[in-house]
Amino acid sequence: MASAHDRAVLQAIFNPTTPFGDVPALNQEEELIDDDRGFDTELLKQVKELEMRGVSAAEAGELQTALQLFSQAVHILPQRASAYNNRAQALRLLGDTAGALQDLNQAISLSGGTGRSACQALVQRGLLRRLACQNDEARVDFEKAAALGSEFARQQAVLLNPYAALCNKMLSEVINNLRNPELPDMQ
């Protein structure tokens, strides 16, 4: 088993754009889950079943069916973030970016910015914002999702960080100069 220092060294080797010692999810002890304790157990069971069927329909390319199933789940438990998050995916795949953003905003709001649904919604919203060239807003979403444990979001946040880009450029130039030193002209 690798020590924390060993993981930090490996992280620095394989992800040189991150600060030394920045090992994602190192302190994350448990898997990210949503807090469903406040919901009626029978309704929750029904909604989870609808969501599973919706995911299966979406994977089979039946996006309209998936959208209907996710909408049913939202109707049954409108205070549960997960169904909004899943419906946003179906809407996005159907080309309704505005509807997807609305559902992602609702999922983030309902989740209180914590849990699995919040993390997924923040990543999805960050991607949509990045596609819309709203890089500052996308970076904020990715940073929040990274704080919740998303490795993908952490990588995206680093890519969108203008200071990291500048440091990476300068570091690349220094390394390139060390590898290929220019000899002074001897005249």
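Scope of this entry: the structure provided in the associated data block. Nothing here was measured: the structure is a model prediction, and the numbers come from that model.

Now for the overall build of the chain. Of the regular secondary structure elements, the chain holds nine helices and zero strands. Written out in order from the N terminus, the α and β elements of the chain read α-α-α-α-α-α-α-α-α. Expressed as a percentage of its 187 residues, the buried residues of the chain come to 34%.

All right, on to the packing of aromatic side chains then. In this structure the tally under the stated criterion is one aromatic pair. When the centroid spacing of 6.4 Å and the interplanar angle of 90° are considered together, the rings of Phe142 and Phe152 count as edge-to-face. Of the two residues, Phe142 sits in helix α7 (residues 135-147) while Phe152 sits in helix α8 (residues 151-160), which places them ten residues apart along the sequence. With a relative accessible area of 0%, Phe142 lands in the buried category.

By size, the foremost hydrophobic cluster in this structure holds 35 residues, and its most contacted members are Phe142 and Ala145. Contributions of two or more residues to this core are made by α2 (41-59), α3 (63-76), α4 (81-93), α5 (97-111), α6 (115-131), α7 and α8. If sequence neighbours within four positions are ignored, Ala145 has contacts with Cys119, Leu122, Val123, Ser150 and Ala153.

Further remarks concern the pattern of salt bridges. Applying the stated criterion across every chain, the model contains ten salt bridges. The partner of Arg37 in a salt bridge is Asp35, with the nearest N and O atoms 2.8 Å apart. As far as the burial class goes, Arg37 and Asp35 line up, both exposed. In the salt-bridge network here, residues are joined through shared partners; they are Asp36, Lys48, Glu51 and Arg80.

It is worth spelling out the packing of α3 against α4 at this point. The contact between α3 and α4 brings their axes to 9 Å, and the two run at 155°. By the angle between their directions, the pair α3 and α4 is classed as roughly antiparallel. α4 is crossed by α3, and the crossing has left-handed handedness. Side by side, α3 and α4 meet where Leu63, Leu67, Phe70, Ser71, Ala73 and Val74 of the first sit next to Ala83, Tyr84, Asn86, Arg87, Ala90, Leu91 and Leu93 of the second. In terms of residue class, the contact of α3 with α4 is built from ten nonpolar, two polar and one charged.

The next point concerns the side chain of Ser117. Examined against the element boundaries, Ser117 turns out to sit in helix α6. Looking at Ser117, its side chain comes within polar contact range of the side chain of Asp34, at 2.5 Å. Not counting the four nearest positions on each side in its chain, Ser117 is found in contact with Asp34, Ala81, Ser82 and Asn85.

Rules of the game
Residues numbered from 1 in each chain as written. Predicted model: local features only at pLDDT ≥ 70, side-chain atom pairs only at ≥ 80, totals over all residues. Heavy atoms only, no water. Helix = DSSP H or I, 4+ residues; strand = E, 2+ residues; numbered from the N terminus. Buried < 20%, exposed > 50% of the residue type's maximum accessible area, 1.4 Å probe, protein only. Phe/Tyr/Trp six-rings, centres within 6.5 Å; stacked < 30°, edge-to-face > 60°. Core = buried A, V, L, I, M, F, W, Y, C linked by side-chain atoms within 4.5 Å. Contact = heavy atoms within 4.5 Å. Salt bridge = Lys/Arg side-chain N within 4 Å of Asp/Glu carboxyl O. Axes fitted to C-alpha atoms, helices over the stretch in contact; angles between N-to-C directions. Parallel < 35°, antiparallel > 145°, perpendicular 65-115°, else oblique. Left-handed = near helix turned anticlockwise from the far one by under 90°. Nonpolar A, V, L, I, M, F, W, Y, C, P; charged D, E, K, R; others polar. Polar contact = N/O pair within 3.5 Å; in protein donor to acceptor, adjacent residues only side chain to side chain.

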